[in-house]
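Read off the chains here:
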Amino acid sequence: IGMMPEHLWARAERERAQEHFTLYDETSGKPVTTKDIAARLAEVGLRPLSAACSDIRLQLETKFEQLQSHELEAESLLILLQGSCADVSHNSANLQRDVLSQVEEMKEVLETRASAMVAHVRERERFKLSALHGQISRME
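Residues numbered from 1 in each chain as written. Predicted model: local features only at pLDDT ≥ 70, side-chain atom pairs only at ≥ 80, totals over all residues. Heavy atoms only, no water.

A. A look at the overall build of the chain. Within the chain, the secondary structure is distributed over three helices and zero strands. Secondary structure elements of the chain occur, N-terminal to C-terminal, as α-α-α. Split by element, the accessible area of the chain, about 13,200 Å² in all, is 61% carbon and sulfur. (Helix = DSSP H or I, 4+ residues; strand = E, 2+ residues; numbered from the N terminus. Areas by Shrake-Rupley, 256 points an atom, 1.4 Å probe, with all protein chains shown as cover.)

Here's what the structure looks like:
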């Protein structure tokens, strides 16, 4: 938002007036110095605005430094988390391969057992059928 030319003029007039502005003490009639103002502010528990601003600036700088350190810490934690995620992904892929190979092995074992059981059952059924044919031929 830009300042209108009349505002700039008013600001310049105000600054010129402040250059020649002097406060006078009511009781002594002498000009009041910045030290006098600071002393009177201290009497009522206040501080000059510049000192208060300096304190706030120091607080803000301290908080900014803390934020920067937290940001660095967060970045390092993020890097660690990314590494952990990569490890988990890698381990998951390896585990999936291992499980699939074990399933294939189990499938082959089960197919072999099933074939052997089928062959055994067929052999037993042939034997029973042969015995039955033998009984029929003797009965005839």
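So much for the structure itself; the text now carries on.
B. Broad picture of the pattern of salt bridges. Scanning all chains against the criterion turns up three salt bridges. The salt bridge involving Glu61 is made with Arg57; its shortest N-O contact spans 3.0 Å. In this pair, Glu61 and Arg57 are both assigned in helix 3 (residues 49–139), four residues apart and thus about one turn of the helix distant. Taking the relative accessible area as the measure of exposure, Glu61 reaches 35% and is therefore partly exposed. Between Arg126 and Glu123 there is a salt bridge, with the nearest N and O atoms lying 3.8 Å from each other. Of the two residues, Arg126 and Glu123 are both situated in helix 3; the distance of three residues between them amounts to about one turn of the helix. (Salt bridge = Lys/Arg side-chain N within 4 Å of Asp/Glu carboxyl O. Buried < 20%, exposed > 50% of the residue type's maximum accessible area, 1.4 Å probe, protein only.)

C. Spotlight on a negative patch on the surface. Taken together, the side chains of Glu104, Glu105, Glu108 and Glu111 define an acidic patch exposed on the protein surface. Here Glu111 shows up in helix 3. (Patch = residues over 30% accessible without salt bridge, like charges linked within 9 Å, V, L, I, M, F, W, Y side chains within 5 Å. Lys, Arg positive; Asp, Glu negative; His and termini not counted. Charge placed at Lys NZ, Arg CZ, Asp CG, Glu CD.)

D. Molecular detail of a nonpolar patch on the surface. Taken together, Leu95, Val99 and Val103 make up a surface patch of nonpolar side chains, about 250 Å² in accessible area. Its relative accessible area of 42% is what places Val103 among the partly exposed residues.

E. Layout of the environment of Asp25. Relative to the assigned elements, Asp25 resides in the loop between helix 1 (5–19) and helix 2 (34–43). Taking the C-alpha atoms as reference points, Asp25 and Asp36, separated by eleven residues in sequence, lie 9.5 Å from one another.

None of the figures reported here should be taken as evidence of function without further support.
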